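If you want the building blocks of each chain, they are given just below.
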Amino acid sequence: MSWSDIINNNLIGSGNVSKAAILGFDGAVWAKSDNFNLSVEEAVNAGKAFSAQDALLGTGLRMEGQKFLVLNADEDRIIGKQGGSGFFIYKTSKAVIISIYEKGLQPEMCSKTTGALADYFKSIGY
């Protein structure tokens, strides 16, 4: 199964996630959904976000050119919100998984779906 298949089947295909990406800690995009317009700078910032968690609470994080308020950041998950949309970034052993929910989707289900994939990655050393 390719990284794109994981994005499309496990995240977007769940119906709980609007857009998603899997990145290396350096911001290299391993895969992303076709509808996710993540810039190189945004990918790098997301990949490195776990090394500057406290700063994110004051500065926020940009996705697709929009600034999201960071509500919570810890060693495993970063939560952001902007209007009726938001994101969850989960850290695994070797990657970060970004999932965005948009109007009509439940944040809790987006987080649960993304967290389950992150747990699976950790269980196989990824």
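In short, a report on the structure. (Residues numbered from 1 in each chain as written. Predicted model: local features only at pLDDT ≥ 70, side-chain atom pairs only at ≥ 80, totals over all residues. Heavy atoms only, no water.)

## Comments concerning the pairing of strand β4 (residues 66-73)
By the bridge criterion, three bridges tie strand β3 (residues 61-63) to β4 in an arrangement that is antiparallel. By the bridge assignment, M63 is partnered in β4 with Q66. In this antiparallel pair of consecutive strands, β3 and β4, the connection spans two residues, and E64 shows a positive phi of 55°. The hairpin turn running from β4 into strand β5 (residues 77-82), its antiparallel successor, is three residues long. (Pairing = 2+ DSSP bridges. Helix = DSSP H or I, 4+ residues; strand = E, 2+ residues; numbered from the N terminus.)

## Section: the environment of F50
Within the element layout of this structure, F50 appears in the loop between α2 (40-47) and α3 (53-59). Here F50 falls in the buried class, since its relative accessible area comes to 10%. Sequence separation between F50 and A20 is 30 residues; the distance between their C-alpha atoms is 18 Å. Residue contacts for F50: discarding those within four places in its chain leaves D74, E75, D76, R77, I78, I89, Y90, K91 and V96. (Buried < 20%, exposed > 50% of the residue type's maximum accessible area, 1.4 Å probe, protein only. Contact = heavy atoms within 4.5 Å.)

## Brief notes about the pattern of salt bridges
What the rule picks out here adds up to three salt bridges. Its salt-bridge partner being K19, residue E64 comes within 2.7 Å of it at the nearest N-O pair. Of the two residues, E64 is situated in the loop between β3 and β4 and K19 in strand β1 (residues 19-23); the sequence distance between them amounts to 45 residues. Note on E64: relative accessible area 24%, which makes it partly exposed. The salt bridge partner of E102 is K19, with a shortest N-O separation of 3.3 Å. Of this pair, E102 sits in the loop between β7 (96-101) and α4 (107-123) while K19 sits in strand β1; the two residues are 83 residues apart in sequence, bridging distant segments of the chain. K19 sits in the buried class, given a relative accessible area of 10%. Here the salt bridges do not stand alone but share partners, grouping K19, E64 and E102 into one network. (Salt bridge = Lys/Arg side-chain N within 4 Å of Asp/Glu carboxyl O.)

## Overview of the environment of L105
Relative to the helices and strands, L105 resides in the loop between β7 and α4. Distance from L105 to M63, taken between C-alpha atoms, is 18 Å for residues 42 residues apart in sequence. What L105 contacts, discounting residues up to four positions off in sequence, is G15, N16, V17 and S18.

## Focus: the environment of K103
By the element assignment, K103 lies in the loop between β7 and α4. Residue K103 is classed as exposed on the basis of its relative accessible area, which comes to 71%. For the pair K103 and S85, spaced 18 residues apart in the sequence, the C-alpha separation amounts to 5.9 Å. Excluding residues within four positions of it along the chain, K103 makes contact with G84 and S85.

Remember, this is a structural readout, not a statement about activity or role.
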